[in-house]
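Descriptive analysis of the structure
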Amino acid sequence: MRRLLKVILGTTKDQNFMHMIENVEVLASKILSLLMVVVILVAIGDLAVFIVKELFTAPYGKFNTTLYKIFGLFLNILIALEILENITAYLRKHVFQVELVIVTSLIAVARKIIILDLEKIGGIDIIGLGIAILSLSISYLIIRFSSSK
């Protein structure tokens with residue numbers, strides 16, 4: 001009888017502990033999501049200021065080089081939105097959605113490729129980015145096909 005009581009009480013203590021851990025995870029996720037919203041709003045403001053400043057101060061013919069910086073800032077905001085989506089998806093379902101993480105990674109690598117300065121980067125770096133894109137794409141396809149079945 002004592003043994004049964006110890007097992008039951010031990011299980012209850014374990015469940016209480018796990019419930020407390022889940023509450024901490026949810027609280028941390030909520031704080032992270034609020035902070036990410038602040039980051040996104042600041043990034044949008046920064047982008048708006050940058051665009052206005054560059055539109056009116058860039059000399060003629062120089063806007064093309066500025067365009068890459070603008071694309072980079074846009075993609076930074078998209079990456080932040082994807083991270084926010086990852087956090088909110090975790091809050092909804094309490095599981096990490098690997099597909100969202102891979103899509104976020106693809107956007108981050110695509111951003112790197114878009115703003116890449118080919119004069120300052122070596123061939124091995126380009127090969128590495130290509131392998132990263134290929135690996136992430138294959139991972140995405142595997143997860144996509146396995147979840148659709």
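Residues numbered from 1 in each chain as written. Predicted model: local features only at pLDDT ≥ 70, side-chain atom pairs only at ≥ 80, totals over all residues. Heavy atoms only, no water.

**Describing empty space enclosed by the protein**
Applying the stated rule across the entire model yields one cavity of 30 Å³ or more. Size it by volume and the largest cavity reaches roughly 30 Å³. Forming the walls of the largest cavity are Asn86, Ala89, Phe96, Gln97, Leu100 and Val101. Classifying every residue of the lining of the largest cavity by side-chain character gives four nonpolar, two polar and no charged. (1 Å grid on protein atoms, 1.4 Å probe; cavity = no way out; pocket = protein on both sides within 12 Å on 5 of 7 lines; lining within 4 Å. Points joined across faces, edges and corners; volume = space filled by probe spheres on them. Nonpolar A, V, L, I, M, F, W, Y, C, P; charged D, E, K, R; others polar.)

**As for the confidence of the model for the chain**
The share of residues in the chain with pLDDT of 70 or more is 91%, and the mean pLDDT across the chain is 83. Confidence, expressed as mean pLDDT per element, reaches its minimum in the chain at helix H1 (residues 2-57) with 82 and its maximum at helix H4 (residues 123-148) with 88. (pLDDT = per-residue confidence, 0-100. Helix = DSSP H or I, 4+ residues; strand = E, 2+ residues; numbered from the N terminus.)

**Section: a nonpolar patch on the surface**
Residues Phe17, Met18, Met20, Ile21 and Val24 make up a contiguous nonpolar surface patch of roughly 460 Å² in combined accessible area. As for its placement among the helices and strands, Phe17 is situated in helix H1. Residue class for Phe17 comes out partly exposed when judged on its relative accessible area of 47%. (Patch = residues over 30% accessible without salt bridge, like charges linked within 9 Å, V, L, I, M, F, W, Y side chains within 5 Å. Areas by Shrake-Rupley, 256 points an atom, 1.4 Å probe, with all protein chains shown as cover. Salt bridge = Lys/Arg side-chain N within 4 Å of Asp/Glu carboxyl O. Buried < 20%, exposed > 50% of the residue type's maximum accessible area, 1.4 Å probe, protein only.)

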